[in-house]
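Next come the chains, spelled out residue by residue.
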Amino acid sequence: MSVDKNTVKRVAKLARLAFPEERLEAMAGELNRILAWVEQLNEVDTSAVEPMTSVVKMSLKMREDKVTDGGQPVAVTQNAPQGEDHFFAVPKVVE
Amino acid sequence: MSDLTGLTIVEARDGLRKKSFSARELADAHIKAIEKGRALNAFVTETPDLARKMALESDRRIASGEARPLEGLPLGIKDLFCTKGVLTTAGSHILDGFKPPYESTVTRNLWDAGAVMLGKLNMDEFAMGSSNETSYYGPVTNPWRRKGANTKLVPGGSSGGSAASVAARMVLGATGTDTGGSIRQPAAVTGIAGIKPTYGRCSRWGIVAFASSLDQAGPMARTVRDCAIMLKTMASHDPLDSTSVDMRVPDYELAMTGEVRGLRVGIPKEYRLDGMPGEIETLWQKGIAWLRDAGAEIVDVSLPHTKYALPAYYIVAPAEASSNLARYDGVRFGLRVPGKDITSMYENTRAAGFGREVQRRILIGTYVLSAGYYDAYYIKAQKLRSLIARDFDEAFEKVDVLLTPTAPGPAFGIGEKTDDPISMYLNDVFTVTVNLAGLPGLSVPAGLNDEGLPLGLQLIGKAFDEGTLFRVGEVIEKAAGPTSRPQAWWEV
């Protein structure tokens, strides 16, 4: 599996990263080197192995489904780069 | 009294209790050391006013007999931990100006126990790096230099500011986080101790997320015992982190009996790499001899899937990171770069806010999770992870603890490895297996190489058996002899 310029462009779009045209080629090369290196995992036959789903053998706790926090509009919005009256402000998204 | 910054946590704790000095004096001595050590670039934010205020409260409590376990002990905090009202950057431009309205559970535990905050420590951006060179705030310099040379060396990473500030006597101890070796590798190359606890021991709540199934917080300090004291307070069950375990945190100091007779120490043969420097092999043999002389039984073991750990990690960690870092969109916090519409605002913000290494990992992560590749990469890596964990399970049927080198070499020069991502990734070759399997790993300072640079040995334990690591670690530390300290060339 080899990554070309167009793949980098597509992945950068998926990742919401503006990526200058002139750097696509170099990044494709870097990604290919890393992907070629991880290819060695294919040396191992894992057909009978379950993928890890939990790092430590434990089951997740259940808790009562109730509101435990909230009503803090100032704390929630105070770090926003742009906002008004405890709302986040974004460029217009609906005409 | 003359050298308050040279004390260990144990000594400082005793001195405060005996009123040999006040918490305020201890804090002031460290504040001064931090000011004089700015050339190392270990701090992103210094908080001297807060430190003095907290120290005064500690003095009040000590005077009234209400001292808490870490009362008056001045610490540094890796800038990945959210601290209420104090700038938290994760070493990234994208978190510009972010002052969390809440406190991470680990730091909350420290302050509730009376510890004093000296400031926030520099780190690789989003903890992605092994040399502290990816920080938006510039590289950290290792206080150690090669004998007779003044080449600036890296302090390791990603907890490079933590390691440098502890080694340079600017803080008594520091918090770190470890996703693939980010506590242990910097600890090793700066001559200090550091432990990555078992996954789930410390709450991850309020720690800026990198790879959620691998991230774990831990202490870094100048002795193994100091780490044990800090971890006792940092670890807790936390309902706010569903992966934090509901298990009693033992008093680790009680486990440190100095006794290792009859203990079975495993030596995994796969950790002997081709091209590994001779000094690392020599160090490892020394460690083996120290434990054998102390009465431990040395057992050869095999961890056959070791070589697949690093490539598996470089699928799992970027995959989780690409997902975790999706939240930085210029809307709720940090940097915003305008664009012609909302999508280009997101794209411009993230392009300007993330550094090169972070962008590279986001792209890899997005690629391996994208349609058609998920099974080939992500599931394959998670299967290798199962095999790596099984290797450890089988080894721990035969032994109580494993001994390995921490890092494949000593500190290297700033800029020496930045051009080649894979050679940088190889720094974590001995540490990353532990994160993949969720196990605890402790790096113990084990002496200096011929060039006068520190090297570390790593102990790997069974899940939740940090006590054994501290016990064995202290035996190694004692056998290695008193830790020398770097000459304070950086002081102005």
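To be clear, the structure that these remarks concern was listed above.
Residues numbered from 1 in each chain as written. Chains lettered and ligands numbered in written order. Predicted model: local features only at pLDDT ≥ 70, side-chain atom pairs only at ≥ 80, totals over all residues. Heavy atoms only, no water.

1. Here's the deal with the overall build of chain A
Part 1: Regarding its fold elements, chain A presents three helices and two strands.
Part 2: Listing the helices and strands of chain A from first to last along the sequence gives α-α-α-β-β.
Part 3: Against the 2.2 N^0.38 benchmark of 12 Å for 95 residues, chain A shows a C-alpha radius of gyration of 23 Å, more extended than a compact globule.
Part 4: For chain A, the C-alpha atoms occupy an extent of roughly 55 × 45 × 25 Å along the three principal directions.
Part 5: Buried positions account for 29% of the 95 residues belonging to chain A.
Part 6: If you take every contact in chain A between residues at least 6 apart in sequence, the share linking residues at least 24 apart comes to 26%.
Part 7: Of the accessible surface of chain A, which amounts to about 6900 Å², a share of 52% is contributed by carbon and sulfur atoms.
Part 8: Mean positive and mean negative side-chain charge positions of chain A (12 and 15 charges, respectively) differ by 2 Å. (Helix = DSSP H or I, 4+ residues; strand = E, 2+ residues; numbered from the N terminus. Rg over C-alpha atoms; globule rule 2.2 N^0.38 Å. Buried < 20%, exposed > 50% of the residue type's maximum accessible area, 1.4 Å probe, protein only. Contact = heavy atoms within 4.5 Å. Areas by Shrake-Rupley, 256 points an atom, 1.4 Å probe, with all protein chains shown as cover. Lys, Arg positive; Asp, Glu negative; His and termini not counted. Charge placed at Lys NZ, Arg CZ, Asp CG, Glu CD.)

2. Points about the overall build of chain B
Part 1: Each helix and strand in chain B was counted, giving 16 helices and eleven strands.
Part 2: C-alpha atoms of chain B, sized along the principal axes, occupy 65 × 55 × 50 Å.
Part 3: Counting across all 492 residues of chain B, residues that qualify as buried make up 67%.
Part 4: Long-range contacts, defined here as pairs at least 24 residues apart, represent 76% of the contacts in chain B between residues at least 6 apart.

3. Remarks on the pattern of salt bridges
Part 1: As enumerated under the stated definition, the model contains 35 salt bridges over all chains in all.
Part 2: The closest approach of N and O atoms between A:K61 and B:D246, which form a salt bridge, is 2.5 Å. Taken as a pair, A:K61 in the loop between helix 2 (21-38) and helix 3 (73-77) and B:D246 in the loop between helix 7 (224-234) and helix 8 (252-255) lie in two separate chains rather than in one.
Part 3: For B:R184, the salt bridge is made with B:D178, and the minimal N-O distance between the two is 2.8 Å. (Salt bridge = Lys/Arg side-chain N within 4 Å of Asp/Glu carboxyl O.)

4. Some details on the pairing of strand 10 (residues 441-448) of chain B
All names here are of chain B.
Part 1: Here strand 10 lies mainly inside the structure; six of its eight residues are buried.
Part 2: Judged from the three bridges that link them, strand 5 (residues 193-196) and strand 10 form a sheet pairing that is antiparallel. Each residue of the ladder has a partner; that of K196, found in strand 10, is G441.
Part 3: Where strand 10 and strand 11 (residues 454-461) come together, six bridges link them in antiparallel fashion. When the bridges of strand 11 are listed, L442 appears paired with L459.
Part 4: In this structure, the hairpin formed by strand 10 and strand 11 is closed by a connection of five residues, where G452 is found at a positive phi of approximately 85 degrees. (Pairing = 2+ DSSP bridges.)

5. Observations concerning the side chain of B:R360
Part 1: Checked against the element boundaries, B:R360 lands in helix 12 (residues 356-369).
Part 2: You can call B:R360 buried: its relative accessible area is 8%.
Part 3: Contact partners of B:R360, with chain neighbours within four places excluded, come to A:M27, A:E30, A:L31, A:I34, B:P421 and B:Y425.

6. A closer look at the side chain of B:T306
All names here are of chain B.
Part 1: On the secondary structure map, T306 appears in the loop between strand 8 (297-301) and helix 10 (309-324).
Part 2: Residue T306 is classed as buried on the basis of its relative accessible area, which comes to 10%.
Part 3: Here the side chain of T306 touches L303 through a polar contact of 2.6 Å, landing on its backbone oxygen.
Part 4: Contacts of T306, omitting those with residues within four sequence positions, involve E270, Y271, D391 and T433. (Polar contact = N/O pair within 3.5 Å; in protein donor to acceptor, adjacent residues only side chain to side chain.)

7. Looking at the pairing of strand 5 of chain B
For a regular strand, side chains alternate in direction, first toward one face of the sheet and then toward the other.
All names here are of chain B.
Part 1: With burial as the criterion, each face of strand 5 is covered, one bearing A193 and I195 and the other bearing G194 and K196.
Part 2: Alignment of strand 5 against strand 6 (residues 216-221), held across two bridges, turns out to be antiparallel. The residue bridging A193 from the neighbouring strand is A221, located in strand 6.

8. Some remarks on the interface of chain B and chain A
Part 1: At the junction of the two partners, chain B supplies 70 residues and chain A supplies 50 residues.
Part 2: For the pairing of chain B and chain A, the buried interface totals around 5300 Å² over both sides, and the portion due to carbon and sulfur atoms is 68%.
Part 3: One can count seven salt bridges joining chain B with chain A.
Part 4: One salt bridge connects A:K57 with B:D393, and the closest N-O pair in it is separated by 3.8 Å.
Part 5: Run the count over chain B and chain A and you get 19 residue pairs in polar contact (both at pLDDT 80 or more).
Part 6: Taken together, the elements giving at least two residues each to the side of chain B that touches chain A come down to helix 10, helix 11 (342-353), helix 12, helix 13 (374-395), helix 14 (421-425) and helix 15 (432-437) of chain B. (Buried area = accessible area lost by both parts, 1.4 Å probe.)

9. Focus on the packing of helix 2 of chain A against helix 12 of chain B
Packed helices, taken two at a time, are described by their axes: the angle between them and the distance between them.
Part 1: Packing of helix 2 of chain A against helix 12 of chain B brings their axes to within 11 Å, and their N-to-C directions diverge by 65 degrees. Overall, the two elements helix 2 of chain A and helix 12 of chain B adopt an arrangement that is roughly perpendicular. Along this stretch, helix 2 of chain A crosses helix 12 of chain B, giving a crossing that reads as right-handed. In this structure, helix 2 of chain A contributes A:R23, A:M27, A:E30, A:L31, A:I34 and A:L35 to the contact, and helix 12 of chain B contributes B:R356, B:Q359, B:R360, B:L363, B:I364, B:Y367 and B:V368. (Axes fitted to C-alpha atoms, helices over the stretch in contact; angles between N-to-C directions. Parallel < 35°, antiparallel > 145°, perpendicular 65-115°, else oblique. Left-handed = near helix turned anticlockwise from the far one by under 90°.)

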